[in-house]
Amino acid sequence: MVKYGQKKLVLSAQQHQLPTEQISKFAIKVIKRLKQAGYEAYLVGGGVRDLLLGKTPKDFDVSTNATPEQVRRLFGNARIIGKRFKIVHIIYSNNDTIEVTTFRGGNSPMLQVEETAISREGKRFEVQVNRDGMLVRDNSYGTSLEEDALRRDFTINAIYLDIQTGELIDFHGGLYDLTQGVIDIIGDPETRYREDPVRILRAARFSAKLGFKLSKRTLEQIGPCAPFLRSVSPARMYDEVNKLFLTGHAQASFKVLTALNLFDQLFTISPMLLNSSTCRDFLNYAFESTDQRFAEGKCNKPHFLYSIILWNEFIWAFYEIRDDLMFSANNINYKSLIAFLAAQVVIMQYRITAMPENIIRSIALLWRLQFLLESKDPEKYVKETTSYHAFRAAFDLFKLRAHFDPNLQSRVEFWQPYYDQCKADAERRRKSNEERQSRLSERGERGGRRRSSRDFKREGREGRESRRDERRSGRPEAGSFEDFNETHADRQERMNKARDWRRAMNLEP
Ligand code: ATP
Ligand code: MG
C-alpha cells in the first residue's frame, strides 16, 4: 500500500471484509433514505476508522451532497445545528443520533476576513476567516467526495464507506496510516491548525485514544500553533476537554498533552505545580482511576474531573493565603476564605473552558467538603456532610488524596461506612424509582390515567422540597468551622506542615 503519489484507493467488500453488521441500523436507514431521494451518501469518520481497527464505534457520521435544508426536509426527526459549520442531527434516541454533514467545498473564492460578512453584491460569504486564518464560518458546499475529503482533519478520518456497493474509498492514504498507527493531518499543517485550532486537541485525543503517533509534519506545527487555541470559544474547549478526559483514555491524554506542552493551555494550573512530581503523581493516579471507572461502565462527571485537576491549585492558594492571614488577622472566617478561593480558581478556568453553572457550584462544594472530611472531630460533621448529594464524590476525591497522604487514612476509615450506607441508599432509591416507573407505565398500558405535565412538575417540586428539608434539618449553624479556630501551637504545626509540603514540591522559594 503506497501512501502518497496515489490518487484514490478503492477497496471492494471482499478486499476489506469490514464487520459491516456492526454499523448502526439508524445510520443505514439515513443513508438509504438519502440515496432513495437521489443524493449521494457515505459513512465516514470515526465509525469507519474504528471498524477498521476492530473497535466498537462510538457514533456514526454520514457525508452527503444534500444541503442541510434538503436533509431536514427528508427527516422529521432532523435538527440543523451550528451556524459556523452547519450540520444535521437525526435523532432516534438519546444514544442514537446520526450526524449528517454536507460535502464541504475546497477553498472557495469567497474566502474573506471576518469583518466583511456581506459581499458588495449583498451576498453573504459562506466561507469566512479572521485575520489569524481561523475559519469563522464554513458553509460552502462542494459537489464531490474528493473535495469533501480535503476538508477533513486527518487521513484516518477521511475514509468513506459506500454501504450499497460495500466499497471503501480513500483519497489520502488513511488506510495506510491506519496500518502504521500514524495520525497525519490533511493539507498544510499550519494552515489547517490556523483554520481550526481544535484540530491540535483532536490530534492529541486520537493519539491518546488509539495509541497512534503523530506524523512529523503533524507534530512539528503543534508548538507554533498552540497559541491559536486561545481564540477558540470556551464552550467548544469545554466539550473537547470532556472528550479528552471522560471517555476512558484520561491517563493517556494527560501523557500526550503534557508531552506536547498543551496541558497548561487547557487548565489554570501553574507550571511550577504541574512540574512537581507530587502534583503529577496525583493526577496520574486520579486519571488512572477515572479510566478504571469508565471501563467498569461507571459514569465520570465533569465536576469531579475539574475538582481533581484544579485541586492542587486551589489548596496551594488556600495554604498560602491562610498563612499570610495568620500573621495579620486574629480571626479568620474559613468558610468565606474557602468559598472565595474556590470561586477565584474556578472563574479563571471558566475563561478557558466554559463549564455550566451547576458544574462550577459542584466543584466548589467538593472542595469545601474536603475540609469537613478532614476534620479532627468528624463526628460533629456527619449529619451535614452526608446530607449533601455530593458527599460520595467528595469522599472519592478524599480517597485519591489519602492515597498520597497517610495522615488522611484514619479519616478514610471513619467515613467509609457512611459512604457505603449512602451508596446502598442511593441504590435502593434507584430500584424503587424503577419499580414505580414500570408500575406507572403498566398502568398506562392498561388504560389508566396518563400523568400530565402538572403531575411531573408537582413530583419534582415535592422531591426538591423534601431534599432541601433533609439538608436543612441536619445542617449545623452556618460558619461552624471550629476546627480551624486553632490554638497557636496548632497553627504553628499546620504552617510547618504546609511549608514542608511546599518544600517537597519544590515550591518554597
Ligand atoms: P469520535 O466520534 O470517535 O470521537 P470522529 O473522528 O468521528 O471521532 P467527530 O467529532 O465525530 O470525530 O467528527 C466526525 C468526522 O468529521 C471526523 O472523523 C472528521 O472527518 C470530521 N471532522 C470533525 N471535526 C473536524 C475538524 N475540526 N476539522 C476537520 N474535520 C473534522
Ligand atoms: Mg464521530
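Residues numbered from 1 in each chain as written. Chains lettered and ligands numbered in written order. Predicted model: local features only at pLDDT ≥ 70, side-chain atom pairs only at ≥ 80, totals over all residues. Heavy atoms only, no water.

This next bit is on the overall build of the chain. The helix and strand tally for the chain stands at 24 helices and 13 strands. By sequence separation, contacts in the chain at least 24 residues apart represent 67% of the contacts at least 6 residues apart. (Helix = DSSP H or I, 4+ residues; strand = E, 2+ residues; numbered from the N terminus. Contact = heavy atoms within 4.5 Å.)

Interaxial distance between helix 11 (residues 234-245) and helix 16 (residues 302-309) falls to 11 Å at its minimum, and their mutual angle equals 85°. Classified by the interaxial angle, the pair formed by helix 11 and helix 16 is roughly perpendicular. Here Tyr-238, Val-241, Asn-242 and Phe-245 of helix 11 come into contact with helix 16, specifically with Pro-302, Leu-305 and Tyr-306. Residue composition of the contact of helix 11 with helix 16, by class: six nonpolar, one polar and no charged. (Axes fitted to C-alpha atoms, helices over the stretch in contact; angles between N-to-C directions. Parallel < 35°, antiparallel > 145°, perpendicular 65-115°, else oblique. Nonpolar A, V, L, I, M, F, W, Y, C, P; charged D, E, K, R; others polar.)

The coordination sphere of the magnesium ion (ligand 2) contains the protein donors Asp-59 (OD) and Asp-61 (OD), at a distance range of 2.2 to 2.6 Å. In this structure Asp-59 comes out as partly exposed when scored by relative accessible area, which is 29%. Given a relative accessible area of 18%, Asp-61 falls into the buried group. (Donors = N, O, S within 2.8 Å, 3.2 Å for Na, K, Ca; no water. Buried < 20%, exposed > 50% of the residue type's maximum accessible area, 1.4 Å probe, protein only.)

As a further point, take the site of ligand 1. Close to ligand 1 lie 17 residues; Gly-46, Arg-152, Asp-196, Arg-199 and Arg-205 are nearest. Asp-153 places a main-chain nitrogen or oxygen 3.1 Å from a nitrogen atom of ligand 1. When ligand 1 is considered free in solution it has 590 Å² of accessible area, and contact with the protein chains removes 86% of it. Ranked by residues supplied to the shell around ligand 1, first place goes to helix 8 (residues 198-210) with five residues. A class-by-class count of the residues in the shell around ligand 1 yields one nonpolar, three polar and 13 charged. (Near = heavy atom within 4 Å. Polar contact = N/O pair within 3.5 Å; in protein donor to acceptor, adjacent residues only side chain to side chain. Areas by Shrake-Rupley, 256 points an atom, 1.4 Å probe, with all protein chains shown as cover.)

On to the environment of Glu-147, then. Its place among the elements puts Glu-147 in helix 5 (residues 145-150). Note on Glu-147: relative accessible area 25%, which makes it partly exposed. The spacing of Glu-147 and Arg-104 is 43 residues in sequence and 6.8 Å in space, taken between C-alpha atoms.

Moving on, we come to the nonpolar core. A general feature of soluble globular proteins is that nonpolar side chains tend to end up buried together. By size, the foremost hydrophobic cluster in this structure holds 119 residues, and its most contacted members are Phe-245, Phe-263, Phe-267, Leu-283, Phe-314 and Trp-367. Looking at this core, you find at least three residues from each of domain 1 (6-100 + 144-180) and domain 3 (233-425). Setting aside chain neighbours within four positions, we find Leu-283 in contact with Phe-254, Phe-263, Leu-274, Ile-308 and Ile-309. Among the nonpolar cores identified, the runner-up in size contains eight residues, and Leu-145, Ala-149, Tyr-160 and Ile-169 belong to it. (Core = buried A, V, L, I, M, F, W, Y, C linked by side-chain atoms within 4.5 Å. Domains from an automatic or database assignment.)

Phi angles above zero are rare outside glycine, and Gln-17 is one such case at about 50°. Counting through the fold element by element, Gln-17 comes out in the loop between helix 1 (13-16) and helix 2 (25-36).

Here Arg-199 shows up in helix 8. We classify Arg-199 as buried; its relative accessible area is 9%. Among residues more than four places away in sequence, those in contact with Arg-199 are Arg-151, Asp-153, Phe-154, Arg-192 and Tyr-193.

Do not read the predicted coordinates in detail wherever pLDDT is low. For the chain, per-residue confidence averages 85 on the pLDDT scale, and 81% of positions sit at 70 or higher. The model gives residues 469-486 a pLDDT under 50, and that stretch makes 34 contacts with residues more than four places away or in other chains. (pLDDT = per-residue confidence, 0-100.)

What follows covers a positive patch on the surface. Together, Lys-301, Arg-392, Lys-423 and Arg-429 line one region of the surface with positive charge. The exposed category is assigned to Arg-429, whose relative accessible area is 52%. (Patch = residues over 30% accessible without salt bridge, like charges linked within 9 Å, V, L, I, M, F, W, Y side chains within 5 Å. Salt bridge = Lys/Arg side-chain N within 4 Å of Asp/Glu carboxyl O. Lys, Arg positive; Asp, Glu negative; His and termini not counted. Charge placed at Lys NZ, Arg CZ, Asp CG, Glu CD.)

Of note, Lys-25 is situated in helix 2. Judged by relative accessible area, Lys-25 falls into the exposed class, the value being 62%. Sequence spacing of Lys-25 and Asp-96 is 71 residues, and the spatial spacing of their C-alpha atoms is 9.6 Å.

With that settled, consider the packing of aromatic side chains. All told, the structure shown has 27 aromatic pairs when counted by the stated rule. Centroid distance Tyr-238 to Tyr-306: 6.2 Å. Interplanar angle 15°. Geometry classified as stacked. Placement of Tyr-238 in helix 11 and of Tyr-306 in helix 16 is noted, with a sequence separation of 68 residues between them. Summarising the aromatic geometry, the rings of Phe-314 and Trp-367 are spaced 4.6 Å apart at their centres and angled 10° between planes, so their arrangement reads as stacked. Residue Phe-314 is found in helix 17 (residues 311-328), and its partner Trp-367 is found in helix 19 (residues 357-373); the two are separated by 53 residues along the sequence. By the burial criterion, Phe-314 is buried, and Trp-367 matches it. (Phe/Tyr/Trp six-rings, centres within 6.5 Å; stacked < 30°, edge-to-face > 60°.)

Working note: α-helix, 3.6 residues per turn, so residues spaced by three or four point in the same direction. In this model helix 8 runs 18 Å from its N-terminal to its C-terminal C-alpha over 13 residues, within 8% of the 18 Å that 1.5 Å per residue would give. Burial within helix 8 is extensive, with 11 of its 13 residues counted as buried. What helix 8 keeps buried is the set Val-198, Arg-199, Ile-200, Leu-201, Ala-203, Ala-204, Arg-205, Phe-206, Ser-207, Ala-208 and Leu-210. Just past helix 8, the residue Gly-211 takes up positive phi, approximately 70°. (Expected span 1.5 Å × (residues − 1).)

Below, the discussion takes up the packing of helix 12 (residues 250-259) against helix 15 (residues 277-295). Where helix 12 contacts helix 15, the axes come no closer than 7 Å and their chain directions differ by 145°. Contacts from Ala-250, Gln-251, Phe-254 and Thr-258 in helix 12 reach Arg-280, Leu-283, Asn-284, Phe-287, Glu-288 and Asp-291 in helix 15. Along the lines of polarity and charge, the residues of the contact of helix 12 with helix 15 split into four nonpolar, three polar and three charged.

Along its 12 residues, helix 21 (residues 391-402) runs 16 Å from first to last C-alpha, staying within 8% of the 16 Å computed at 1.5 Å per residue. Here helix 21 lies mainly inside the structure; 10 of its 12 residues are buried. Buried within helix 21 are the following residues: Phe-391, Ala-393, Ala-394, Phe-395, Asp-396, Leu-397, Phe-398, Leu-400, Arg-401 and Ala-402.

Of the two faces of strand 3 (residues 61-64), the one holding Asp-61 and Ser-63 and the one holding Val-62 and Thr-64 are both buried throughout. As defined by bridge partners, strand 3 adjoins strand 6 (residues 96-102) across four bridges and the pair is classed as parallel. Paired with Ser-63 across the strands is Thr-101, a residue of strand 6. (Pairing = 2+ DSSP bridges.)

Counting through the fold element by element, Arg-194 comes out in helix 7 (residues 189-195). The class of Arg-194 is partly exposed, set by a relative accessible area of 28%. Linking Arg-194 and Cys-225, residues 31 residues apart in sequence, is a C-alpha distance of 6.9 Å. Among residues more than four places away in sequence, those in contact with Arg-194 are Asp-132, Gly-133, Met-134, Leu-135 and Phe-228. In terms of polar contacts, Arg-194 uses its side chain to reach the side chain of Glu-190, at 2.8 Å.

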